[in-house]
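Listed below, chain by chain, are the residues.
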Amino acid sequence: MSKSQQLTQLSKFLAEGMQAYAMKALQTIQLYKQTIKSWLNGHTVQSFVSLFLVGAFLSIAVASCSGSSSASKNDVKLKLVSFSVTKAAHDQIIPKFVEKWKQEHNQNVTFEQSYGGSGAQAAAVIAGSQEADIVHLALPLDVSKIQQAGLIKSGWETEAPRNGIVSKSVAAIVTREGNPKGINTWADLAKDGVKVIAANPKTSGIAIWEFLAFWGSVSLTGGDEATALNYVTKVYKNTPILTKDAREASNLFFQQNQGDVLINYENEVILAGKNGTKLPYVVPQVNISIDNPVAVVDKNVDKHGTREVAQAFVDFLYSTEAQREFAKLQYRPVNPTVTQEVASQYQPIKTLFTSQDLGGWDIIQKKFFGDGAIFDKVKAASKA
């Protein structure tokens, strides 16, 4: 309903209410007219009636405005900033939340959405070019950067269930039909003549997870750091192009037919197969738990006045209904009920390590991805 229609309907309601109120007032005055006349003259009675009707009108107007406010709240817009491969899930989840909120609060919610490489998205939020109310990013490190910039309160991990993790996946190795290069394990990526398609850790969440999977496959299975460094350097020598995000890497491999092997999220690989782009893939038995966090951006929701709705959307993402949508797109759900429902759909992992096994995100950032850290050295050596 347009604002002009709402105003017309309100005016009509006020007029009808005033008329009814006036009739009741006159009936009451007639009933007690004899009593009133005993201490008021006729002129004062008319003044009394006029004053009474003015009061009645104001009471109706106040009540009507109050009723209108509670019946139809102003629309609210949320800005969701997420990493590239979550769009398909949010396209299904958002309409469900919008409908639920409308039913429960009689308020329309619209979403402005942005998708891209997780690191680049976090940088845009920090810079202010993306005034996100909610971020759903590829790794906790990116949310921590936003928190360190003063936009998210410390302790954001405790504001939502599961330490703020709302979706999960693992890393998968995709090969060409028939797997002509014989790539079955992480070690095979370092073979001579293998062309690897991967993303850039400076802009992409999947790229950081890839790097950690490579490193952990050596350092957490008995190898020392020198061995891990040598292995990772060989892998990146086999990676001629570093894409900006996971979706671009997938397009390069699947659509443009470049590379012998693609490292990507398990859910992306399975989804590509369901959409007709099916190629053989391996989920390595030594793997990393890819944990995707969600958080309310405190500074922005307070600025926009959207905290209540933003927090409700974050909470909804953990619901059985929303987690089933993640599972349909092959994310590994975090809701225990849904996890049990879909457990048989996923390949079991023999050794599943986490970011904590590599020291936690503060150490990971400084050790691997800070300026001049291990990744920069690996990248320089791979070009030598």
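Scroll up to find the structure this text is about.
Keep in mind that what you see is a predicted model, and the values were worked out from it rather than measured.

Cut-off values and rules
- Residues numbered from 1 in each chain as written.
- Predicted model: local features only at pLDDT ≥ 70, side-chain atom pairs only at ≥ 80, totals over all residues.
- Heavy atoms only, no water.
- Core = buried A, V, L, I, M, F, W, Y, C linked by side-chain atoms within 4.5 Å.
- Buried < 20%, exposed > 50% of the residue type's maximum accessible area, 1.4 Å probe, protein only.
- Helix = DSSP H or I, 4+ residues; strand = E, 2+ residues; numbered from the N terminus.
- Contact = heavy atoms within 4.5 Å.
- Pairing = 2+ DSSP bridges.
- Right-handed = clockwise from strand over helix to strand, strands pointing away.
- Axes fitted to C-alpha atoms, helices over the stretch in contact; angles between N-to-C directions.
- Parallel < 35°, antiparallel > 145°, perpendicular 65-115°, else oblique.
- Left-handed = near helix turned anticlockwise from the far one by under 90°.
- Nonpolar A, V, L, I, M, F, W, Y, C, P; charged D, E, K, R; others polar.
- Phe/Tyr/Trp six-rings, centres within 6.5 Å; stacked < 30°, edge-to-face > 60°.

**Re the nonpolar core**
By size, the foremost hydrophobic cluster in this structure holds 75 residues, and its most contacted members are L189, F211, L212 and F313. With 10 residues, helix 7 (residues 205-219) is the single largest residue contributor to this core. Not counting the four nearest positions on each side in its chain, F313 is found in contact with L78, L80, H90, I93, I94, F97, F111 and I134.

**What to know about the pairing of strand 2 (residues 109-116)**
A regular strand places its side chains on the two faces of the sheet in alternate fashion. In terms of strand pairing, strand 1 (residues 76-83) meets strand 2 through eight bridges, oriented parallel. Each bridged residue has a counterpart across the sheet, and for L80 the counterpart in strand 2 is Q113. Handedness of the crossover joining strand 1 and strand 2 through helix 4 (residues 87-105) is recorded here as right-handed.

**A short note on the side chain of N287**
Tracing the backbone shows N287 in strand 10 (residues 286-288). Excluding its chain neighbours within four sequence positions, the residues that come into contact with N287 are V170, A171, W186, I349, T351, L352 and F353.

**Quick word on the packing of helix 7 against helix 8 (residues 225-237)**
Two numbers describe how helix 7 lies on helix 8: the axes approach to 8 Å, and their chain directions differ by 135 degrees. Judged on the interaxial angle alone, helix 8 and helix 7 are oblique. Of the two elements, helix 7 crosses helix 8, and the hand of that crossing is right-handed. Facing helix 7, whose interface residues are A207, F211, F214, W215, S217, V218 and S219, helix 8 presents E225, T227, A228, L229, Y231, V232, V235 and Y236. Taken together, the residues that form the contact of helix 7 with helix 8 break down as 11 nonpolar, three polar and one charged.

**Side note on the sheet that holds strand 6 (residues 196-199)**
The strand order across the open sheet formed by five strands is 7-6-8-5-9, and the pairing between neighbours is mixed. Each end of this open sheet is capped by a strand with a single partner; those strands are strand 7 (242-243) and strand 9 (281-282). Pairing geometry for strand 5 (residues 171-175) and strand 9, over two bridges, is antiparallel. Opposite V174, over in strand 9, you have Y281 as the bridge partner. Those strands touched by helix 7 are strand 6 and strand 8 (261-265), and its axis lies near 110 degrees from that of strand 8.

**Quick notes on the sheet that holds strand 4 (residues 165-169)**
Two modes of strand pairing occur in sheets, parallel and antiparallel, and in both the strands are linked by backbone hydrogen bonds. Within the open sheet, the five strands sit side by side as 2-1-3-11-4. Their pairing is mixed. Strands at the two margins of the open sheet, each flanked by one partner only, are strand 2 and strand 4. Each strand of the sheet is rotated relative to its neighbour by a mean of 15 degrees, with strand direction disregarded.

**Describing unusual backbone geometry**
Positive phi outside glycine occurs at N106, with the angle close to 50 degrees. Among the structural elements, N106 can be located in the loop between helix 4 and strand 2. Even without a glycine there, the phi angle at R162 is positive, about 55 degrees. Summarising the element assignment, R162 is placed in the loop between helix 6 (140-148) and strand 4. According to the relative accessible area criterion, R162 is partly exposed, its value standing at 46%.

**Things to note about the packing of aromatic side chains**
Aromatic ring pairs: the centre-centre distance and the angle between the two ring planes describe each pair. Scanning the model with the defined rule gives 20 aromatic pairs in all. Between Y236 and F375, the ring centres sit 5.7 Å apart and the planes meet at 80 degrees, which makes this aromatic pair edge-to-face. One end of the pair, Y236, is in helix 8; the other, F375, is in helix 16 (residues 374-383), with 139 residues separating them in the sequence. For the pair formed by Y236 and F375, the shared burial category is buried. Among the aromatic side chains, those forming a connected cluster through ring pairs are W186, F211, F214, W215, Y231, Y236, F368, F369 and F375.

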